[in-house]
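What follows is the residue order along each chain.
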Amino acid sequence: MPNQSAELFAPEGDMTHQDPKAPGAARLESSLESRYRKLLHAVPDAILEVDQEGRITILNEAAERMFGYTRAEFLGLNVETLVPAAMRSGHAKHRSSYAEHPNTRPMGTGLELQGQRKDGSLFPVEISLSPNWIEGSLHVIASVRDITGRKAVENRLRSLREQYTAELTLKNEQLEARNREVERANSLKTEFLASMSHELRTPLHTIIGFSELLGEQLEGPLTDKQQRFVGHILQDARHLLELINEILDISKIESGRLELKRESFDFNACVEEVMAGIRYQAATKNITLENKNAFHDSLYADRVRLKEILYNLLNNAVKFTPERGRVWIEAARQGDALHISVCDTGIGIPEREQPSIFEKFYQVGDSTAGVREGTGLGLPITKHLVELHGGSISVASQPGKGSSFRLVLPLIQEQAA
Amino acid sequence: MKKILIADDKATSRELLRTVLERQGYEVMEAADGEEALQKALAEVPDLILLDLQMPRRTGYEVLGELRKDARHATLPIIALTASAMRGDRERALAAGFTSYMAKPVPLVQLREEVQRLLQTKE
């Protein structure tokens, strides 16, 4: 019986006893059976039918090519011969369990299946099983696909992916290490600056203190000249102190360590406080100081930093305004922003220098003759502080007429922030 | 005569503070480090202490912590003096229990006023 069916499904070329040109052959060629046989042999997958005992009963040409057995060798061969030795023991059990639930399905889902050629070599396969009932006996049709090519591509892809992942991991680790280094350097810099600031302020404490003491002449009178000299020491020591503070500020801003501490406060009271702090300097030059603020609400901002912003601008205004000039602050709400202007009737800033004044250490050239030099850091710090608040700063000025520094600060609600 | 203890490891700073405060008519005691400050303050309770925060042996914070445990020093005016002047220093000092905080360099006018104010409040 097996031989009969094997004969039936043998490829035509094998049936040498039949001349395809003979009339009988022509009948066979055109028959449905013949067409099915051609179909079977045209399939690139190996197709095998196995009887209940596991013997191979039908096969196609692809099976011969794939496993290296001849047709004659195949017929009657136990299908387990095609299963690698390592998996052979389990195969019989799988076959009997298939008999309990015979349906068309892939074999060993999720497993890496392998076939074994006649020469003993192994190759990856994918197998689909279908039941075939023949006279009450369960035969199984196995469609075996050699997936060596696909596996090779998959393996190549996997190894590429692994390689990329490894490279990426390495790069990430390097990046993280670099980040840690930068962070460490940054924190060392901050620590260094903090301790440097402390070390510089300690001697300045006594330089300024003793100079003040001498200037007060409580320890004895000074000649005019001595008094002037002590005044110079004091002035330059205070200038040095200002520089130290501002360098610390700018380095904190640059390392991103300056954080705002926002709170709600009375804006006008804040303006008044800043003005009080500058009143003495203005008075010595007979400069009129005016508060023209029209915003009498509370502002949600960093109070200390806002005072610093206003103080820097007012201080500059007084510094660069000749005797009997005027300095004033205007402020009003416009939409969702607070517009503040610090204006003066001072010497002004030439147009060509206006874009540079917010740069670090920039000092306005000839026009500042006669004015004590600043640190060159006041405006850059002011600009940074304004920008930290989400605002902007600009200047409008006419030499000889005066300057006006305009701030636009977005009004932020406390809850929203 | 009101007695003020100056604790500062810098001799020039102590001399400056002593000169200013003696002129104001106060009696001045000195300590050159934290441990000495603590011993002197415990032995002879002053009316006010100027305590530098960065000192050898014991920091100003440690001295303050010890002193505040002593009933005689529980409400004594103790001023923190520091040259560090980082933002948040004042808040930290006041939170720790200092009565007041001054950053070096301290303008002499401010020093006199603050000492006077605290001694008056004490009375």
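## A closer look at the overall build of chain A
Then, number 1: Each helix and strand in chain A was counted, giving 11 helices and 13 strands.
Then, number 2: The buried share of chain A, taken over its 417 residues, is 23%.
Then, number 3: A fraction of 58% describes how many contacts in chain A between residues 6 or more apart in sequence connect residues 24 or more apart.

## What to know about the pairing of strand β5 (residues 122-134) of chain A
All names here are of chain A.
Then, number 1: Examined bridge by bridge, strand β3 (residues 105-106) and β5 share 2 bridges and lie antiparallel to one another. Looking across to β5, one finds that Pro-106 is bridged to Ser-128.
Then, number 2: Relative to strand β6 (residues 137-146), β5 runs antiparallel, the two sharing 10 bridges. Across the sheet, residue Ile-134 finds its bridge partner in β6, namely Ser-137.
Then, number 3: In this structure, the hairpin formed by β5 and β6 is closed by a connection of 2 residues, where Glu-135 is found at a positive phi of approximately 50°.

## Focus on the environment of Glu-359 of chain A
Then, number 1: When you line up the elements, Glu-359 of chain A lands in the loop between β11 (337-344) and α11 (378-388).
Then, number 2: A C-alpha to C-alpha distance of 9.7 Å links Glu-359 of chain A and Gly-378 of chain A, two positions 19 residues apart in sequence.

## Considerations on the environment of Arg-150 of chain A
Then, number 1: Relative to the helices and strands, Arg-150 of chain A resides in helix α7 (residues 148-216).
Then, number 2: With 26 residues separating them in the primary sequence, Arg-150 of chain A and Pro-124 of chain A have C-alpha atoms 9.3 Å apart.

## Details of the sheet that holds strand β4 (residues 78-82) of chain B
By way of backbone hydrogen bonds, the strands of a sheet pair with one another, either parallel or antiparallel.
All names here are of chain B.
Then, number 1: Pairing is parallel in the open sheet, where 5 strands are placed in the order β2-β1-β3-β4-β5. Every interior strand has two partners, whereas the edge strands, β2 (27-31) and β5 (100-103), have only one. For this sheet the average axis-to-axis angle between neighbouring strands, irrespective of direction, equals 20°.
Then, number 2: As paired elements, strand β3 (residues 48-52) and β4 share 4 bridges and run parallel to each other. Across the sheet, the residue bridging to Leu-51 is Ala-80, located in β4.
Then, number 3: Strands β1 (3-7), β3 and β4 of the sheet are contacted by helix α3 (residues 60-69), whose axis makes an angle of about 150° with β3.

## Things to note about the interface of chain A and chain B
Then, number 1: Every contact between the two is made by 14 residues of chain A and, on the other side, 15 residues of chain B.
Then, number 2: Broken down by element, the side of chain A that touches chain B gets its largest block of residues, 12 residues, from α7 of chain A.
Then, number 3: When the residues that make up the side of chain A that touches chain B are grouped by side-chain class, the tally is 7 nonpolar, 5 polar and 2 charged.

## Let's talk about the environment of Glu-263 of chain A
Then, number 1: Among the structural elements, Glu-263 of chain A can be located in strand β7 (residues 262-266).
Then, number 2: Separated by 35 residues in sequence, Glu-263 of chain A and Ser-298 of chain A have C-alpha atoms that sit 9.5 Å apart.

## Points about α3 of chain B
Residue and element names in this part refer to chain B.
Then, number 1: Along α3, the positions that sit buried rather than exposed are Gly-60, Val-63, Leu-64 and Leu-67. An end-on view of α3 places all buried positions within 100° of arc, on one side of the element.
Then, number 2: On its buried face, α3 is in contact with β1, α2 (34-43), β3, β4 and α4 (89-96).

## A look at the confidence of the model for chain A
Then, number 1: The predicted model of chain A averages 84 in pLDDT, with 88% of residues at 70 or higher.
Then, number 2: Predicted confidence is poor over residues 14-18 of chain A, with pLDDT under 50, and the contacts of this stretch with residues over four places away or in other chains come to 3 contacts.

## Brief notes about the nonpolar core
Then, number 1: By size, the foremost hydrophobic cluster in this structure holds 36 residues, and its most contacted members are Leu-5, Ala-7, Ala-37, Ile-49, Leu-50, Leu-51 and Ile-79 of chain B.
Then, number 2: Looking at this core, the elements that each hand over two or more residues are α7 of chain A together with β1, α1 (11-23), α2, β3, α3, β4 and α5 (108-122) of chain B.
Then, number 3: Ignoring any residue separated from it by four or fewer positions in sequence, one finds Leu-50 of chain B in contact with Ile-4, Ile-6, Ala-7, Leu-17, Ile-79 and Leu-81 of chain B.
Then, number 4: Leu-314, Phe-320, Leu-338 and Ile-381 of chain A belong to the second largest nonpolar core, which has 32 residues in total.

## With respect to the sheet that holds strand β10 (residues 326-334) of chain A
All names here are of chain A.
Then, number 1: With mixed pairing, 5 strands are arranged side by side in an open sheet as β8-β10-β11-β13-β12. A strand with exactly one partner marks an edge of an open sheet, and here the two such strands are β8 (288-293) and β12 (392-398). Averaged over all adjacent pairs, the angle separating strand axes in this sheet is 15°, with direction ignored.
Then, number 2: On the sheet, helix α10 (residues 303-319) packs against β10, β11 and β13 (402-410) and is oriented at approximately 20° with respect to β11.

## Quick word on unusual backbone geometry
Then, number 1: Between Lys-104 of chain B and the following residue, Pro-105 of chain B, the backbone shows a cis peptide bond with an omega angle of -5°.
Then, number 2: Within the secondary structure, Pro-105 of chain B sits in the loop between β5 and α5.
Then, number 3: One non-glycine residue with positive phi stands out, namely Glu-135 of chain A, at about 50°.
Then, number 4: By the element assignment, Glu-135 of chain A lies in the loop between β5 and β6.
Then, number 5: Even without glycine at this site, Arg-57 of chain B takes up a positive phi of about 70°.
Then, number 6: Mapped onto the elements of the fold, Arg-57 of chain B is located in the loop between β3 and α3.

## Observations regarding the packing of α10 of chain A against α11 of chain A
Residue and element names in this part refer to chain A.
Then, number 1: In the contact formed by α10 and α11, the axes pass within 9 Å of each other and the chain directions differ by 145°. Handedness of the α10/α11 crossing: left-handed. Contacts from Arg-305, Glu-308, Ile-309, Asn-312, Leu-313 and Asn-316 of α10 reach α11 at Gly-378, Ile-381, Thr-382, Leu-385 and Val-386.

## Points about the packing of α7 of chain A against α1 of chain B
Then, number 1: As a packed pair, α7 of chain A and α1 of chain B sit with axes 10 Å apart at the nearest point and diverge in direction by 30°. Judged on the interaxial angle alone, α1 of chain B and α7 of chain A are roughly parallel. For α7 of chain A against α1 of chain B, the interelement crossing comes out left-handed. Contact residues: His-205, Thr-206, Gly-209, Phe-210 and Leu-213 of chain A in α7 of chain A; Thr-12, Ser-13, Leu-16, Thr-19 and Val-20 of chain B in α1 of chain B.
Then, number 2: By residue class, the composition of the contact of α7 of chain A with α1 of chain B is 4 nonpolar, 6 polar and no charged.

Conventions used here
Residues numbered from 1 in each chain as written. Chains lettered and ligands numbered in written order. Predicted model: local features only at pLDDT ≥ 70, side-chain atom pairs only at ≥ 80, totals over all residues. Helix = DSSP H or I, 4+ residues; strand = E, 2+ residues; numbered from the N terminus. Buried ≥ 20, exposed ≤ 12 C-beta atoms within 10 Å, placed from the backbone. Contact = placed C-beta atoms within 7 Å. Pairing = 2+ DSSP bridges. Axes fitted to C-alpha atoms, helices over the stretch in contact; angles between N-to-C directions. Nonpolar A, V, L, I, M, F, W, Y, C, P; charged D, E, K, R; others polar. Arc of directions from axis to C-beta. pLDDT = per-residue confidence, 0-100. Core = buried A, V, L, I, M, F, W, Y, C linked by C-beta atoms within 7 Å. Left-handed = near helix turned anticlockwise from the far one by under 90°. Parallel < 35°, antiparallel > 145°, perpendicular 65-115°, else oblique.

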